[in-house]
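Here are the chains, one letter per residue:
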Amino acid sequence: MNVNIAIGLLIPFLGTFLGAAMVFLLKDEISPRLQKLMLGFAAGVMIAASVWSLLIPSIEMVGSDSGVPAWLPAAVGFLGGIAFLLLLDSVIPHLHLHSDQPEGMRTPGLKRMTMLIFAVTLHNIPEGMAVGVVLAGLMEGSTNISLAGAMALSVGIAIQNFPEGAIVSMPLKSAGRSRMKAFTYGALSGIVEPIAGIITILLTHILLPVLPYLLAFAAGAMIYVVVEELIPESQSGVHTNIGTVGVALGFVLMMVLDVALG
């Protein structure tokens with residue numbers, strides 16, 4: 001089981017690692033249309049994962065003898081996840097992909113690319129939490145979470161992490177960084193996911209009775225990222241339909257993975 005947990009934690013990081021490695025294979029920066037498709041795809045994966053891998057298990061985990069309405073932990077946890085990411089969004093200095101206005105605390109000394117990396121790192125936190133809380137439920141023997149379902153979530157997040165790694169590393173190369181340095185920054189932007197996953201597993205082990213709330217908490221955090229960052233960036237400028245197509249493709253792929261394997 002420990003090997004499976006380690007694999008589940010590392011698979012999403014592998015997606016970022018391979019995406020960042022595109023800096024060695026591609027000569028030019030990713031085209032805006034392809035970026036929109038990738039961002040929309042990532043949003044679709046995260047929406048489907050939030051529903052099938054997190055919210056539905058959260059609702060199903062509440063027993064009829066608990067005296068708590070089945071919807072309550074999901075609702076409370078979801079809103080808590082939104083509030084948590086809203087707090088991080090307000091505190092951590094970061095810059096979204098197609099914006100010139102930094103968000104978070106004012107830090108005049110930070111470079112633009114550093115804040116872009118912070119933005120990617122910020123929205124990797126809920127993805128790591130999502131994987132961690134599902135793996136924690138698997139470790140505790142929850143009947144609502146299977147090994148295949150947990151791995152489906154990890155693989156789905158890894159798939160949507162692939163373009164994120166490329167979106168970080170390619171602009172760094174275009175800005176004059178060496179390929180190795182651009183790759184390193186791109187890959188390290190995803191290291192927060194296994195770290196967040198491990199922390200979540202440790203906390204969930206202590207707070208097992210509130211596992212349904214934690215599942216929904218991770219879902220709320222992921223949806224916050226989708227609404228605040230991924231969808232607006234995929235719909236900015238022209239050729240926005242390609243972003244919508246990406247959402248549909250990502251949603252269906254993650255839904256199929258979760259239903260087929262879970």
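Predicted model only: the values in this text are computed from it and were never measured.

Calculation criteria
- Residues numbered from 1 in each chain as written.
- Predicted model: local features only at pLDDT ≥ 70, side-chain atom pairs only at ≥ 80, totals over all residues.
- Heavy atoms only, no water.
- Phe/Tyr/Trp six-rings, centres within 6.5 Å; stacked < 30°, edge-to-face > 60°.
- Helix = DSSP H or I, 4+ residues; strand = E, 2+ residues; numbered from the N terminus.
- Buried < 20%, exposed > 50% of the residue type's maximum accessible area, 1.4 Å probe, protein only.
- Axes fitted to C-alpha atoms, helices over the stretch in contact; angles between N-to-C directions.
- Left-handed = near helix turned anticlockwise from the far one by under 90°.
- Contact = heavy atoms within 4.5 Å.
- Nonpolar A, V, L, I, M, F, W, Y, C, P; charged D, E, K, R; others polar.

## Digging into the packing of aromatic side chains
Move 1: A full pass over the atoms with the stated rule returns five aromatic pairs.
Move 2: Aromatic side chains F17 and F183 sit 5.1 Å apart centroid to centroid with 80 degrees between the ring planes, which places their arrangement in the edge-to-face category. With a gap of 166 residues between them, F17 in helix α1 (residues 2–20) and F183 in helix α6 (residues 179–188) connect regions that are remote in the sequence.
Move 3: Given a relative accessible area of 34%, F17 falls into the partly exposed group.
Move 4: With a relative accessible area of 12%, F183 lands in the buried category.
Move 5: When the ring of F24 is compared with that of F183, the centres are 5.4 Å apart and the planes differ by 50 degrees; the resulting orientation is tilted. Taken together, the positions of F24 in the loop between α1 and α2 (32–61) and F183 in helix α6 put the pair 159 residues apart, joining distant regions of the chain.

## Some details on the environment of I56
Move 1: Here I56 shows up in helix α2.
Move 2: Judged by its relative accessible area of 31%, I56 falls in the partly exposed class.
Move 3: Here the alpha-carbon distance between I56 and P212, two residues 156 residues apart in the chain, equals 9.6 Å.

## Brief notes about the packing of α1 against helix α7 (residues 192–206)
Move 1: The interhelical angle for the contact between α1 and α7, taken along N-to-C directions, is 145 degrees, at an axis separation of 8 Å. Classified by chirality, the crossing of α7 by α1 is right-handed. On the side of α1, the interface is formed by I5, L9, P12 and F13, while α7 contributes E193, P194, G197, I198 and I201.
Move 2: Among the residues forming the contact of α1 with α7, the class breakdown is seven nonpolar, one polar and one charged.

Distances and angles like these do not, on their own, reveal function.
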